[in-house]
Amino acid sequence: MARRKETLNVAVIGLGMGRGHLDSYQKYGRCSAAAICDIDAGRLAEMAGKYGIPQERCFRDYRKMLAAVEKLKLHAVSVALPNHLHAPATIAALRAGLHVLCEKPMAMSARQGRAMLAAAEKARRKLMINFSFRFTDQSQALKRMVDSGAIGDIYFGRTVWHRRRGMPGFGGWFGTKKLSGGGPVIDLGVHRLDLAMWLMGSPRPVTVSGSTFDHIGARVARQQGKSFDVEDLGCALVRFDNGATLILEASWAGFSEKREDMCTQLYATKGGIVQRNQEEGYTFEARVYGEQGGTLWESRLQQTTVQTPSAYQEFVDAVLDDRQPLATGQDGLAVQLILDAIYRSARTGREVRITAR
Ligand SMILES: NC(=O)c1ccc[n+]([C@@H]2O[C@H](COP(=O)([O-])OP(=O)(O)OC[C@H]3O[C@@H](n4cnc5c(N)ncnc54)[C@H](O)[C@@H]3O)[C@@H](O)[C@H]2O)c1
């Protein structure tokens, strides 16, 4: 394992979203982007050129890269592959002795998620999941406020991400169940669930009732002659062991009011919070609601700028400082258990009880 003062040598597998990982590693002083991998030779060459990565550190097969971990002096890897490859690539990397930052969703199923956790434990390596919405000044300020007890105990929440139209890579792996695990529930809902549950203090989910629909996605796919066998909208009601209840909604398509609508609203015994995207974009506003002396008040969240580290910096810091990262594999599994239950409930038309952890 790298010692405190050392530079962490990080590789990136998958150069779609992985380009963002690569860029962040390249800019962060405590690490260096030491190898890249993508089956797409064009993408690989483009990124090698852009970041000055020598040819002997570029791979089209991640297994070959992992076989050369010692020669390449690798310490860690980002796995930013299509969802069906998260578990196999992560487990192979952990077995090769690397710490892993795996993209969300952690895996295709909780069973795979548990295998990843077991591999991390056996290899004594860190496993972080890229729940990137936690890593903003605003989300961190909200978390501090909730943890301070200022709004009391959270008992209800609603967390949504709707798109009027926005199916990623329509006709590609995102819309193919055996490659993605599902549609917007596993793609967008995963972020919303994690953010809400993290703010709620990570209660344990006990029951889930969910529904999924594919009216628009399936129709558009038929018209365009493309494949699509996942949902385009899903929703769920999740109950937790502390009695709190959370509603989740996620869609890639629907006749919705807004083109892009992201909102997490939490109701607590002494107050409430909401974080909502602005003007259908990716900047957020957070507001707080409370009561004093019988008068109801509301205000914009007072947010000190503390320069919250990005998920990539957090991963590097956690490895070098030998501590748990902020978003762990266990957090990934908690979300994955709910995702599994939503799809099962939607299939069977029944509420699903989560007994496993
Ligand atoms: N955290 C976030 O906010 C966020 C945002 C976008 C995507 N993601 C996640 O990142 C992952 C990748 O999504 P994306 O949008 O980059 O997809 P993408 O299809 O754009 O990119 C995937 C890349 O992996 C490569 N690839 C596929 N199979 C490979 C293999 N066997 N070996 C090596 N390379 C291979 C492809 O050539 C492609 O370049 C997904 O799990 C997605 O959910 C997360």
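Anything mentioned here points back to the structure above.
Residues numbered from 1 in each chain as written. Predicted model: local features only at pLDDT ≥ 70, side-chain atom pairs only at ≥ 80, totals over all residues. Heavy atoms only, no water.

Asker: So what exactly am I meant to see when it comes to the sheet that holds strand β13 (residues 284-292) here?
Answerer: Sheets are built from strands paired through backbone hydrogen bonds, the pairs being either parallel or antiparallel. Within the open sheet, the nine strands sit side by side as β14-β13-β12-β11-β7-β10-β9-β8-β15. Their pairing is mixed. Strands with a single pairing partner mark the edges of an open sheet, and in this sheet they are β14 (295-300) and β15 (352-353). Relative to strand β11 (residues 260-268), strand β7 (residues 154-163) runs antiparallel, the two being bridged by nine bridges. Bridge pairing in β11 places G157 opposite L266. (Pairing = 2+ DSSP bridges. Helix = DSSP H or I, 4+ residues; strand = E, 2+ residues; numbered from the N terminus.)

Asker: Looking at this structure, how should I read the site of the ligand?
Answerer: Looking at the ligand, there are 23 residues lining it, with M17, D38, R43, N83 and W173 nearest. At 2.6 Å, a side-chain N or O of R43 approaches an oxygen atom of the ligand. Note that a nitrogen atom of the ligand is positioned 3.4 Å from one of the backbone N or O atoms of N130. Compared with its free state, where it exposes 850 Å², the ligand has 80% of that area covered by protein. Most atoms of the ligand, that is more than half of them, are within 2 Å of grid points of the largest pocket. The class makeup of the residues in the shell around the ligand is ten nonpolar, seven polar and six charged. In terms of domain composition, the shell around the ligand takes at least three residues from each of domain 1 (8-132 + 310-326) and domain 2 (134-307 + 337-353). (Near = heavy atom within 4 Å. Polar contact = N/O pair within 3.5 Å; in protein donor to acceptor, adjacent residues only side chain to side chain. Areas by Shrake-Rupley, 256 points an atom, 1.4 Å probe, with all protein chains shown as cover. 1 Å grid on protein atoms, 1.4 Å probe; cavity = no way out; pocket = protein on both sides within 12 Å on 5 of 7 lines; lining within 4 Å. Sits in = over half its atoms within 2 Å of the grid points. Nonpolar A, V, L, I, M, F, W, Y, C, P; charged D, E, K, R; others polar. Domains from an automatic or database assignment.)

Asker: What should I look at first to understand the side chain of D317 in this one?
Answerer: With respect to the element layout, D317 can be found in helix α11 (residues 311-320). Look past the residues within four positions of D317 in its chain and what remains in contact with it is Y28, R30, D322 and R323. (Contact = heavy atoms within 4.5 Å.)

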